[in-house]
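Residues per chain are reported as follows:
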Amino acid sequence: MNNYMTIRFKSLPENETLARSCIASFILPMNPTLSELADVKTSVSEAVTNCVIHGYEGKEGTIELTAIIEDDMLTLKISDEGKGIPDIEQAKEPLYTSKPELERSGMGFTIMESFMDSISIISSPSCGTTIIMTKRMAAAPQVSQCACQ
Amino acid sequence: MDYKIQSMENILLISVKGELDDHAAKAVREKADSALCKKELKHLIFDFSELALMDSAGIGLIMGRYRLIRPRQGKTAIICKNDSVRKILKMSGLFKLFKCYSDFQEAYDYLTKESKEVTI
Ligand SMILES: Nc1ncnc2c1ncn2[C@@H]1O[C@H](COP(=O)(O)OP(=O)(O)O)[C@@H](O)[C@H]1O
Ligand SMILES: [Mg+2]
C-alpha cells in the first residue's frame, strides 16, 4: 500500500492530542500491533511537544506533520520554523534538557530513537527543526518479545 | 485525559486515565501540588492502571512530585499495566527508585508496611 498525508496546525499544546489521533487513524490500514501503534503515537507526541515547547517556546507558529506509507514502511516528518537546535549531539543525550524548570525529563529523543527504527534531526538556529523518523511495521504475526525482559 | 487527586491518611493518590502528555501533565501537576501543601501527606501512589499512553511528560510529573515528598521521608508507588508505559519508566531509570504494582491494594500494602518499618 502507498499513501501519504500532510497536516499543518497551530503550535497549541492541545494539538498534541490532534497529532496523535491523526497519525493513529492514518496508519490503521497497516494493521499495526498495539505496541507498534503506541510506539508511533508516543514518538509523534514527543516530536510535536518539542515543536510547541522548544521550537516556538509557547509563541504562535505552525507545525507540519507528514506521514508516508510505502508497503510496510512508515516515514514521519515533523517540522517547525522555530528557534532551532544549536547542538544536536547534546540535544540527543538522554536526560539532557534545556528547560529543566518546566519539568522536562530530557528523554524525548531517547524515546523516539528506541520506539522508531531510525531518526534524523535537521536543525539550524535560523531555519527551525525537522525530525524524520521511519519504522517498518510487521503486519505478520510476530514472535513475542517479552523474553528480553 | 481524565484525572483524580485524592488524599487518604498520609497518602496522595494521583489517578490518570487516557493519554498523559505535556498538556495533560500540567493540569495534574497543579492540582497535585496544591494538595501536597498539606504537610501530613508523605506517600504517593500514581494510579496509571487505566493509562493508555504516556510520553516523557509523565516522567517529569512523577519525578517532580517525588522530589516534593522525599524530604518528608515518603515513598512512591506506581500502579501500571501498560507495556508501553512500563518501557518508558524503565528507559528513564525510574525502576531504580520505585516499583510497579498491579493494583491499589498491593501499592498501599507496600507503602504502609514500609512506613511501619521506618518508625520502629
Ligand atoms: N523542535 C525543537 N526546537 C528547538 N529545540 C529543540 C526541539 N526539539 C528538541 N529541542 C532541544 O533538544 C532538547 C532535548 O529534547 P528532548 O530529548 O525531547 O527533551 P525535553 O523535551 O524533555 O527537553 C530540548 O531540551 C531542546 O533544547
Ligand atoms: Mg521533548
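Just above sits the structure.
Scoring rules and cut-offs
Counting starts from 1 at the beginning of each chain's written sequence and moves along it residue by residue. In the order they appear in the text, chains get letters beginning with A and ligands get numbers beginning with 1. Predicted model: local features are reported for residues with pLDDT of at least 70 only, side-chain atom pairs are reported and counted for 80 or more only, and whole-chain, interface and lining totals are derived from all residues. As a rule here, side-chain values cover all heavy atoms of the structure and leave hydrogens and water aside. Labels follow the DSSP assignment, with helices taken as runs of H or I lasting at least four residues and strands as runs of E lasting at least two, numbered in each case from the N terminus. C-alpha atoms define the radius of gyration in this analysis, and the globule rule sets the expected value at 2.2 Å times the number of residues to the power 0.38. Three labels apply to residues, based on accessible area from a 1.4 Å probe with only protein chains included: buried if under 20% of the type maximum, exposed if over 50%, partly exposed otherwise in between. The Shrake-Rupley method, run with a 1.4 Å probe sphere, supplies the accessible areas, and residue values consider only the shown protein chains as cover. When charges are tallied, Lys and Arg are placed among the positive residues and Asp and Glu among the negative ones, while His and the ends of the chain are skipped. Just so you know, the charge point we use is NZ for Lys, CZ for Arg, CG for Asp and CD for Glu. In a helix, the anticipated span is given by 1.5 Å times the number of residues less one. By construction, the arc corresponds to the directions joining the helix axis to the C-beta atoms. The contact definition used throughout considers only heavy atoms, calling two residues in contact when any of these lie within 4.5 Å. In protein, a polar contact requires one atom able to donate a hydrogen and another able to accept it; more generally it is a pair of N or O atoms within 3.5 Å, and residues adjacent in sequence count only if both atoms are side-chain atoms. As a rule, the C-alpha atoms of each element are fitted with a line to give its axis, helices using only the stretch in contact, and angles between N-to-C directions run from 0 to 180 degrees. The scheme is simple: roughly parallel for angles under 35 degrees, roughly antiparallel for over 145, roughly perpendicular for 65 to 115, oblique for anything else. Note on convention: near helix rotated counterclockwise from far helix by under a right angle means a left-handed crossing. Clockwise means right-handed. Each residue gets one of three labels, nonpolar for Ala, Val, Leu, Ile, Met, Phe, Trp, Tyr, Cys and Pro, charged for Asp, Glu, Lys and Arg, and polar for the others, Gly among them.

K.L.:
So what's going on with the overall build of chain B? Residues and values would help.
P.N.:
Scanning chain B from terminus to terminus reveals four helices and six strands. Reading chain B from its N end, one meets helices and strands in the order β-β-α-β-β-α-β-α-β-α. Here the C-alpha atoms of chain B give a radius of gyration of 13 Å, agreeing with the 14 Å that 2.2 N^0.38 yields for 120 residues. Burial statistics for chain B: of 120 residues in total, 52% are counted as buried. For chain B, the exposed area adds up to about 5800 Å²; of that, 50% sits on carbon and sulfur atoms. In chain B, the 21 positive side-chain charges and the 17 negative ones have mean positions that sit 5 Å from each other.

K.L.:
How would you summarise helix 1 (residues 22–35) of chain B if you had to cite specific residues and measurements?
P.N.:
With 14 residues, helix 1 of chain B extends 20 Å between its outermost C-alpha atoms, agreeing within 8% with the 20 Å of an ideal straight helix rising 1.5 Å per residue. Of the positions making up helix 1 of chain B, those classed as buried are B:D22, B:A24, B:A25, B:V28, B:R29 and B:A32. With its buried residues spanning 135° around the axis, helix 1 of chain B presents them on a single face. Residues of helix 1 of chain B that are buried in the fold lie against helix 1 (15–27) and helix 2 (34–55) of chain A together with strand 1 (2–8), strand 2 (11–20) and helix 2 (57–69) of chain B. N-capping of helix 1 of chain B is provided by B:D21, with a side-chain oxygen placed 3.2 Å from the backbone N of B:H23.

K.L.:
Go over the packing of helix 2 of chain A against helix 4 (residues 108–115) of chain A, please, and point to the residues and values.
P.N.:
Residue and element names in this part refer to chain A. Helix 4 packs onto helix 2 with a crossing angle of 150° between their chain directions and a minimal axis gap of 9 Å. One element, helix 2, and the other, helix 4, form an angle in the roughly antiparallel class. Once helix 2 is placed against helix 4, the crossing between them reads as left-handed. Here D39, T42, S43, E46, A47 and N50 of helix 2 lie close against helix 4, whose contacting residues are G108, F109, I111, M112 and F115. Classifying every residue of the contact of helix 2 with helix 4 by side-chain character gives five nonpolar, four polar and two charged.

K.L.:
Account for the environment of A:H54, with residues named and values stated.
P.N.:
All names here are of chain A. Note on placement: H54 falls in helix 2. Note: C-alpha distance between H54 and L95 (41 residues apart in sequence) is 15 Å. H54 has contacts with T49, K83, T97, S98, K99 and R104, leaving out every residue within four places of it along the chain.

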